[in-house]
Amino acid sequence: MATDVRELQGLRALVTGGTKGIGHAIAGRLNESGATVLTTARTAPDDSSGVDFVAADVATADGCGTVVDAVHRRLGGIDIIVHVVGGSSAPAGGFAVLTTANGNGRWM
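Where do I start with the pairing of strand β2 (residues 36–41) in this structure?
One face of the sheet, then the other: side chains in a regular strand alternate in exactly this way. Judged by how many residues are buried, β2 sits mostly within the fold: five of six residues are covered. Where strand β1 (residues 12–16) and β2 come together, five bridges link them in parallel fashion. The residue of β2 that forms the bridge with L14 is L38. Taken together, β1, helix α1 (residues 21–32) and β2 form a β-α-β motif whose crossover is right-handed. Of the pairings in the sheet, the one linking β2 to strand β3 (residues 52–55) comprises four bridges and is parallel in character. What sits directly across from A41, in β3, is A55.

Rendered as structure tokens:
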């Protein structure tokens, strides 16, 4: 089955963590497919790959505000969000080692 290489023409995409690794690859592929792409990370990319960039740390409220402002100013809205940024302070061992350590039955 053949796909249209411009299948995302006219759509606006935001890729968090889009300057390295899988995020960079996703931003590039969205751009190749015709989407207008805004990517964000704490540091600027080595190359833009044809996408717009805003420096922000989305782990903070201020960083999220910076991204929201950039989306409104540069894209006028959003159609696609790919959230690649992630991290965990959970210990090794997966879900089996997680507890409700705060004692109230809620996950911390």
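Would you mind going over the environment of L38 with me for this structure?
The topology assignment puts L38 in strand β2. The exposure class assigned to L38 is buried, which follows from its relative accessible area of 0%. Through-space distance from the C-alpha of L38 to that of A70 is 8.5 Å; in sequence the pair is 32 residues apart. Setting aside residues up to four positions removed in sequence, L38 forms contacts with A13, L14, V15, D52, F53, V54, A70, V71, R74 and L75.

Conventions we followed
Residues numbered from 1 in each chain as written. Predicted model: local features only at pLDDT ≥ 70, side-chain atom pairs only at ≥ 80, totals over all residues. Heavy atoms only, no water. Buried < 20%, exposed > 50% of the residue type's maximum accessible area, 1.4 Å probe, protein only. Helix = DSSP H or I, 4+ residues; strand = E, 2+ residues; numbered from the N terminus. Pairing = 2+ DSSP bridges. Right-handed = clockwise from strand over helix to strand, strands pointing away. Contact = heavy atoms within 4.5 Å.

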